[in-house]
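# Analysis of the macromolecular model
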Amino acid sequence: RQIGKTPRFFDTSNPIVMQREGLKIWSGFKASAYQSQMGCVLAIDNIFKFMSTKTCLDRLREIREKSHSTHQYEQIAKLEFCGKPIIADWGNSRSYFVQDIDFGTNPLKHEFVYNGQTINIATYFKNVYGKVLRDVNQPLFMVRIADQITYLPPEFCLVDGVSDSMKKSPGMREALKRTHISPSD
């Protein structure tokens, strides 16, 4: 499955899950083609996508626990997510960039028109994807799809990439060992 706009393809159905480290790794490849003096060249390389097994809602809860006020929580959450990619944990596992976080609404309050009927986000995800929200009071991520702002529940989104603390941990070294491919493979 292609993730993002560049020609990068990942096997999302068979991730390497490192539960203790809180990591999920997708193996895949990237392809590029260019013209050289010798003719057309197609280069294919192995790549891996690292992501946290925590949902974005889990991360928002961690931020809330460490914050001293609602204002501080909202500011830190926006710094953590706005302008950064997240991965949808439903459908085609699409990547989105968070534009903003709307703390004034939730999946039960926010409604939109779907198939000619007004529906809220919680009902939409239940009916279309079979996913039931556990926390109906969570804020919503605002993402841009084409020229339209769409609202997504953080509970169904994964943090793309790994945190700085995870990059420095022994668990990351173990993860990198598991992605090493020898020329004979």
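The structure this text deals with has already been given above.
These lines cover the structure that appears in this document, whether it is placed above or below. Numbering of residues begins from 1 in every chain and follows the order in which that chain's sequence is written. In view of the model being predicted, local features appear only for residues whose pLDDT reaches at least 70, and side-chain atom pairs are presented and counted only at 80 or more, with totals across whole chains, interfaces and linings using the full set of residues. Hydrogens and waters are ignored; side-chain quantities use all the structure's heavy atoms.

## Overview of the overall build of the protein chain
Condition: The numbering of helices and of strands both runs from the N terminus, where a helix is a DSSP run of H or I of at least 4 residues and a strand a run of E of at least 2. Surface accessibility in these figures is a Shrake-Rupley result with a 1.4 Å probe; residues are shielded only by whichever protein chains are displayed. All tallies of charge rest on Lys and Arg as positive and Asp and Glu as negative; His and the ends of each chain are not included. Where a charge lies is defined by one atom per residue type: Lys uses NZ, Arg uses CZ, Asp uses CG and Glu uses CD.
Tallying secondary structure elements over the protein chain gives 5 helices and 11 strands in all. Dimensions of the protein chain along its principal axes, counting C-alpha atoms only, are 60 × 45 × 30 Å. For the protein chain, the exposed surface amounts to about 11500 Å²; the carbon and sulfur share of it is 49%. One finds the centroid of the 25 positive side-chain charges in the protein chain at a distance of 2 Å from the centroid of its 19 negative side-chain charges.

## Here we look at the pairing of strand β5 (residues 85-88)
As a reminder, the rule being used: One bridge is not enough; two strands pair if DSSP finds at least two bridges between them.
In the sheet, β5 pairs with strand β6 (residues 95-102) via 3 bridges, with the strands oriented antiparallel. Within β6, the position partnered with I86 by the bridge is Y96. Hairpin connection between β5 and β6: a loop of 6 residues separates the two successive antiparallel strands, and G91 in this loop has a positive phi of roughly 55°. Looking at chain direction, β5 and strand β11 (residues 157-160) are connected through 3 bridges and run antiparallel. Its bridge partner lying in β11, I87 is registered against L158.

## A look at helix α3 (residues 121-129)
Convention followed: Burial classes follow relative accessibility: with a 1.4 Å probe on protein chains only, a residue under 20% of its type's maximum area counts as buried, one over 50% as exposed, and anything between as partly exposed. The directions considered for the arc are those from the helix axis to the C-beta atoms. The contact definition used throughout considers only heavy atoms, calling two residues in contact when any of these lie within 4.5 Å.
Restricting attention to buried positions, one finds in α3 the residues I121, A122, Y124 and F125. The buried residues of α3 all sit within an arc of 165° when viewed along its axis, so they share a single face. Among the exposed residues of α3, those oriented more than 90 degrees off its buried face are K126 and N127. Looking at the packing, one finds that the buried side of α3 touches β7 (111-114), β8 (117-120), β9 (140-145) and β10 (148-152).

## Observations regarding unusual backbone geometry
Of note, N115 is a non-glycine position whose phi angle comes to about 50°, a positive value. Structurally, the position occupied by N115 is in the loop between β7 and β8. A positive phi angle, close to 60°, is found at A146, a residue other than glycine. Position of A146 among the secondary structure elements: in the loop between β9 and β10.

## Concerning a nonpolar patch on the surface
Note the threshold: For patches, a residue must show more than 30% relative accessible area and have no salt bridge; joins then use 9 Å for like charges and 5 Å for nonpolar side chains, namely Val, Leu, Ile, Met, Phe, Trp and Tyr. A side-chain nitrogen of Lys or Arg and a carboxyl oxygen of Asp or Glu constitute a salt bridge if their distance falls within 4 Å.
A cluster of nonpolar side chains, namely F29, L42 and I44, defines an oily patch on the protein surface of about 310 Å² accessible area. Given the relative accessible area of 36%, F29 is considered partly exposed.

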